[in-house]
Each structure stands twice: as C-alpha cells, then as structure tokens.
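Coordinate analysis (summary)
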Amino acid sequence: MAKACVIALVSLAIYTSSSFNFAYATGAAESNKFKVVGHVYCDTCRVEFETKISQPISGAVVKLECRNRTDGALTFQSPEITTTQSGDYSIDVEGDFQDSDCDVTLVKSPRPDCSDLTEDWRKARVVITSLDGVSGDIRFANSLGFKKKEALPECKKVLTELGYYELQDELGQEVVS
Ligand SMILES: *[C@@H]1O[C@H](CO)[C@@H](O)[C@H](O)[C@H]1NC(C)=O
C-alpha cells in the first residue's frame, strides 16, 4: 500500500513538472514576454564604471523606452520602476522590438549626495527580441550609475590597484575625464 502510494506521488510529480515546463515554454514563445533586469549603483569615484567601492542604490527610479530605429517614434514605454534594497530592478515588457532601439534610463536618485548624471552614459541599451538567438525571457542591461558629488578618499587606492592612472596617462584625458 505504502509502495503504491509513493509510486502515485512520484508519477504525479513527473506529470505536473512536465506539464508545467510545457506550458512555460509555449507561453514564452507565443506571447513575447520579456523581463529586463539590471542594477543601479552610486559611482563613488566619479569614473563612470563600477568599482569594488561602488554602492547599490535602493529606491532609484529607472524606465525603459523603445524607439523605432527608422523614424524615432516611441514604440514602448514602461512605467517608472524603483530599485530594490540591493539596487536591482526588473521591467516587464510585452512584444517584440527587433526594429527598435530600447534603452533603460535613470530617472532619479533618492540620494542627494549621489545624483549626478552624465548624458551619454546614463542609458543601457537592451535588445528585446526573440529573433536574435538569445533564448529565455530575461534580458540583462548594463549597470547604470549616478555619480557621487565628491569622490571617496579610498578611490585613489582602489583606482591605482586597477591600473586606472596608467591607463589615463596612456589614453589621454578624453577617455576618462
Ligand atoms: C518604423 O518607422 C517606419 C518609417 O516611418 C515605418 O515604416 C515602420 O513601420 C515603423 N516600424 C514600427 C515597428 O513601428
């Protein structure tokens, strides 16, 4: 009796998990639902990339917009999304945007000491289509940072370890200013 019961449970488990997988796979393919995920940090060294002393910003606001690549018309606009405790966000998108340029942009920072934007790097480009060979519904956006008003004193050490100053000498100011 106990044995029959175990067999019944196991087959029920197999049945439910395979029907779940089936529903999940077809659902994702047919409805073009995506999740765009990313991270917002405080650029504590004002260098426009993440370092080990960058800090996640919780409560930062971002949004996603897609524009027709040919005429620039808006093809998708998400509501404003707020980052979690760990500075992460997830934006639901429905549709296929193969012919659009989609960007996540920073809207506002909850931290007055860390809210500086730089026009050309505050966007994170994401490709939102199932026709590019990327499987699954998650699309990762590059991290976006607000610059701290004043760099932390530890930055000098951290950036020296990264070879940042040598690079600055080699490439000139325009790359890193
Ligand atoms: C994008 O714009 C072009 C030119 O106006 C138009 O022909 C095309 O249908 C648009 N595509 C989408 C997806 O809206």
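Cut-offs used in this document
- Residues numbered from 1 in each chain as written.
- Predicted model: local features only at pLDDT ≥ 70, side-chain atom pairs only at ≥ 80, totals over all residues.
- Heavy atoms only, no water.
- Disulfide = S-S within 2.5 Å.
- Helix = DSSP H or I, 4+ residues; strand = E, 2+ residues; numbered from the N terminus.
- Buried < 20%, exposed > 50% of the residue type's maximum accessible area, 1.4 Å probe, protein only.
- Near = heavy atom within 4 Å.
- Polar contact = N/O pair within 3.5 Å; in protein donor to acceptor, adjacent residues only side chain to side chain.
- Areas by Shrake-Rupley, 256 points an atom, 1.4 Å probe, with all protein chains shown as cover.
- Contact = heavy atoms within 4.5 Å.

When the sulfur atoms of two cysteines share a covalent bond, that bond is a disulfide. If you walk through the whole model with that rule in mind, you get three disulfides. The disulfide that involves Cys-45 links it to Cys-155, with 2.1 Å between the sulfurs. The sign of the -90° torsion about the S-S bond sets the Cys-45-Cys-155 disulfide as left-handed. Note that Cys-45 is positioned in the loop between strand S1 (33-43) and strand S2 (55-56) and Cys-155 in helix H2 (residues 155-161), a separation of 110 residues in sequence. Like Cys-45, the residue Cys-155 is buried in the burial classification. When the cysteines of the protein that form disulfides are numbered from the N-terminus onward, they connect as 1-5, 2-6, 3-4.

This part covers the site of the ligand. Taken together, Asn-68, Thr-70 and Asp-71 are the residues near the ligand. Within the side chain of Asn-68, one N or O atom sits 2.3 Å away from an oxygen atom of the ligand. Between the ligand and the protein, one listed contact pairs an oxygen atom with a side-chain N or O atom of Asp-71 at 2.8 Å. Burial of the ligand by the surrounding chains reaches 38%, relative to a free accessible area of 360 Å².

Relative to the assigned elements, Asp-99 resides in the loop between strand S6 (88-94) and strand S7 (100-108). C-alpha of Asp-99 to C-alpha of Thr-75: the two residues are 24 residues apart in sequence and 9.5 Å apart in space. Not counting residues within four places of it along the chain, the set of residues in contact with Asp-99 comprises Arg-67, Asn-68 and Arg-69.

Take unusual backbone geometry next. Trans peptide bonds make up most of the peptide bonds, and negative phi angles are found at most residues other than glycine. Located in the positive-phi region is Arg-46, a residue other than glycine, with phi close to 55°. As for its placement among the helices and strands, Arg-46 is situated in the loop between S1 and S2. Given the relative accessible area of 31%, Arg-46 is considered partly exposed. For Glu-48, which is not a glycine, the phi torsion comes out positive at approximately 70°. Here Glu-48 lies in the loop between S1 and S2.

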